[in-house]
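The chain contents come next:
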Amino acid sequence: MGNAGPYPFKPKSKMKPNIWVSSAQADEMLAKQQRTWSLAYDNYQALRQVRVKAFQGGDFEIKALFNPARVVSTGARVDRGVTSAEDCFLCVGNLPIEQERLPFGYHYLVLCNPYPIFPAHFTIPSRRHEPQRILPRIGDLLTLARRLDRHTIFYNGPRCGASLPGHAHFQAVTHDAMPIDLEIERWRKEGDESHLEPLVHVGEENRIWRLTRYWRSGFVIEGNEPSTVAALFRRVYEALPREVDEEEPKMNVFASYQASTWRLTVVPRRAHRPWQYAAEGDERLMCSPGAADVGGCLVLPVERDFERMDAALAFDVFRQVCFSDEEVRAFKIF
C-alpha cells in the first residue's frame, strides 16, 4: 500500500505488516476488546439504549439516532485544535494501553472505535501523523475495502465530518449498517435510472452513475479493476468545486467490495453544517453531518433534536450541506 511502491515507509514499530487482514480478524478483535477494555465494553453496551426512528424520503429511508449514554468527546478534542502528533489521539504513541492494534500493511492500523455509532465500528488511522486527504490514498481505500469485504469503509473530508482532520484515517462499519449501501444495491439490481443516471462506461465492467433524487446527490463508481476505479474517482474529484483555501473538495466517500467488484459512492458537500448548528435558542440544531449522516443515519446527540427530527427537517439539513441534482449534473466529469 502507498504510492511509492508496496512499502516505501517502514516505521520503527515492531508490528508486522499484515496485508491479509480480514473482516473476520477485525470482528474478532472487536469482540475481544469488549471483554478486555472497560471503556469499549461500556460504550458498545450503551448502543442497546439507542433510540431510532425512521422516515421515508420518497423511496429511500432516513434514520435518526439518539444515544442517551453516548460520550461526545471527539468533537470537543477537535475544537481544542489538535494539530501536532504530541496532542493527536490517533497517533500510535498516544493510543490507550488497552487499545489493541491490528496492523494493516506498514501504513495503517485497524482499531476498535471506543465511541461507536454502530455495533461494529472501526477507526483505521495512518501510522504517520499526516493530514486527512483522499486523493493520495484512494488506492489504499480500495485495498482496505477488498480485505474488509464484509464492511463498508468510509471517508470524511477534513471539512465535512472528519473527527480529526490533522491525522489521516478511514472508518469501517458492517456493510448494511447505513441505508445508503442497500438502497444503491437495490437500484443497481433494478436498473433504476431515475436514481442512478448512467454517465460513463469504460470497458465491460467499469462505470460511473450520477446519484440523484436522493437528497444527497453525487456519483457512484463501480469496477473490477482497481486502477480504473481509481482513475474514475480522480475524474470525479477533479470536477468538484473547491474554495481557494480548501485542501481538497468537500466530500464523503463510501467504499465496498462484493462479488469481485469495487463500489465507490462519492457525495460532494456544499457545507460542513446547516445554519441551525450555530443558531441560538429554539432554532439551534446540534447536527454536524459526516459520512454516517450522509449514509442515512442522522446522529443527534441532543434528545430535543431527536424528538423534532422529521423528513422535512432532514431534507432541509441535506439541502444545505449537499448539492442539488441540477448542480451535480453541471459538474463536468468528461
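Each value, and the rule that gives it
- Residues numbered from 1 in each chain as written.
- Predicted model: local features only at pLDDT ≥ 70, side-chain atom pairs only at ≥ 80, totals over all residues.
- Heavy atoms only, no water.
- Helix = DSSP H or I, 4+ residues; strand = E, 2+ residues; numbered from the N terminus.
- Buried < 20%, exposed > 50% of the residue type's maximum accessible area, 1.4 Å probe, protein only.
- Contact = heavy atoms within 4.5 Å.
- Areas by Shrake-Rupley, 256 points an atom, 1.4 Å probe, with all protein chains shown as cover.
- Pairing = 2+ DSSP bridges.
- Axes fitted to C-alpha atoms, helices over the stretch in contact; angles between N-to-C directions.
- Salt bridge = Lys/Arg side-chain N within 4 Å of Asp/Glu carboxyl O.
- Core = buried A, V, L, I, M, F, W, Y, C linked by side-chain atoms within 4.5 Å.
- Phe/Tyr/Trp six-rings, centres within 6.5 Å; stacked < 30°, edge-to-face > 60°.
- Lys NZ or Arg CZ within 6 Å of the ring centre and 35° of its normal.
- Expected span 1.5 Å × (residues − 1).
- Arc of directions from axis to C-beta.

> For this particular structure, what's the right way to read the overall build of the protein chain?
Across its full length, the protein chain holds ten helices and 13 strands. Relative to its 334 residues, the protein chain shows a buried fraction of 54%. Counted over contacts in the protein chain with a minimum sequence separation of 6, partners at least 24 positions apart contribute 65%. For the protein chain, the exposed area adds up to about 14,800 Å²; of that, 50% sits on carbon and sulfur atoms.

> Whenever I open this one, the sheet that holds strand β4 (residues 108-112) confuses me. Can you help?
Hydrogen bonds along the backbone pair up the strands of a sheet, which may run parallel or antiparallel. Spatially, the ten strands line up as an open sheet ordered β3-β4-β5-β7-β6-β11-β12-β10-β9-β8, and their pairing is antiparallel. Looking at the sheet topology across the chains shown, the edges are occupied by β3 (102-104) and β8 (196-202). Direction aside, neighbouring strands of the sheet carry axes that sit 20° apart on average. The pairing of β3 with β4 spans three bridges and is classified as antiparallel. Looking across to β4, one finds that Phe 104 is bridged to Tyr 108. Lying over the sheet, helix α6 (residues 226-239) contacts β8, β9 (206-211), β10 (218-223), β11 (251-258) and β12 (261-268), oriented at roughly 165° with respect to β10.

> Before we go on, may I ask you to explain the pairing of strand β7 (residues 169-174) in this structure?
Regular strands have side chains that alternate between both faces of the sheet. When you tally the buried positions in β7, you get five out of six residues, the bulk of the element. Sheet topology places strand β5 (residues 121-125) next to β7; five bridges connect them, and they run antiparallel. When the sheet's bridge partners are listed, Phe 122 is paired in β7 with Ala 172. When strand β6 (residues 151-156) meets β7, the two strands line up antiparallel, connected through four bridges. Following the sheet pairing, Phe 154 is matched in β7 by Gln 171.

> Explanation requested: the pattern of salt bridges in the structure shown.
Should their charged atoms come close, side chains of opposite charge can pair. The full count for this structure, using the stated rule, is 21 salt bridges. With a shortest N-O distance of 3.1 Å, Glu 100 and Lys 32 are connected by a salt bridge. Taken together, the residues span a long stretch of sequence, with Glu 100 in the loop between α3 (74-79) and β3 and Lys 32 in helix α1 (residues 23-36) at a distance of 68 residues. Overall, Lys 32 belongs to the partly exposed group, its relative accessible area being 37%. Salt-bridge contacts for Arg 210 lead to Glu 197; the nearest nitrogen and oxygen are separated by 3.7 Å. Taken together, the positions of Arg 210 in strand β9 and Glu 197 in strand β8 put the pair 13 residues apart, joining distant regions of the chain. For the pair Arg 210 and Glu 197, a shared accessibility class is recorded, and that class is buried.

> Looking at this model, I keep getting lost on the nonpolar core. Mind explaining?
The tendency in soluble globular proteins is for nonpolar side chains to be buried as a group. Core analysis: the biggest nonpolar cluster contains 51 residues, and Ile 124, Leu 141, Ile 153, Phe 170, Ile 221, Phe 233 and Leu 264 have the highest contact counts within it. Per element, the largest residue contribution to this core is seven residues, and it comes from α6. Once you skip the residues sitting within four places of it in the chain, Phe 170 turns out to touch Tyr 108, Phe 122, Thr 123, Ile 124, Ile 134, Arg 137, Leu 141, Leu 144, Ile 153, Phe 154 and Tyr 155.

> I keep staring at the packing of aromatic side chains and nothing clicks. Help me out?
Overall, the coordinates contain eleven aromatic pairs when judged by the stated rule. Relative to Tyr 214, the ring of Trp 187 lies with its centre 5.3 Å away and its plane at 85°, an arrangement referred to as edge-to-face. One end of the pair, Trp 187, is in helix α5 (residues 179-190); the other, Tyr 214, is in the loop between β9 and β10, with 27 residues separating them in the sequence. For the ring pair Phe 323 and Phe 331, a centre distance of 5.3 Å and an interplane angle of 85° mean the geometry is edge-to-face. Here Phe 331 falls in the buried class, since its relative accessible area comes to 12%. Taken together, Phe 60, Trp 187, Tyr 214, Trp 215 and Phe 315 form an aromatic cluster joined through their ring pairs. For Arg 216, the ring lying beneath its charged end belongs to Phe 318, and the centroid distance is 5.1 Å. When the ring centre of Tyr 277 is taken as origin, the NZ or CZ atom of Arg 273, which lies over that ring, is 4.1 Å away.

> Whenever I open this one, α1 confuses me. Can you help?
Residue pairs spaced three or four apart in an α-helix point in one direction, given the helix's 3.6 residues per turn. Its 14 residues give α1 an end-to-end C-alpha distance of 20 Å, which sits within 8% of 20 Å, the value for a rise of 1.5 Å per residue. When α1 is considered as a whole, its buried residues turn out to be Ser 23, Ala 26, Met 29, Leu 30 and Gln 33. Buried residues of α1 fall within an arc of 125° about the axis and therefore sit on the same side. Facing away from the buried surface of α1 by more than 90 degrees, the exposed residues are Glu 28 and Arg 35. Structurally, α1 contributes buried residues whose contacts are with α2 (38-46), β3, β4, β5, α4 (138-147) and β6.

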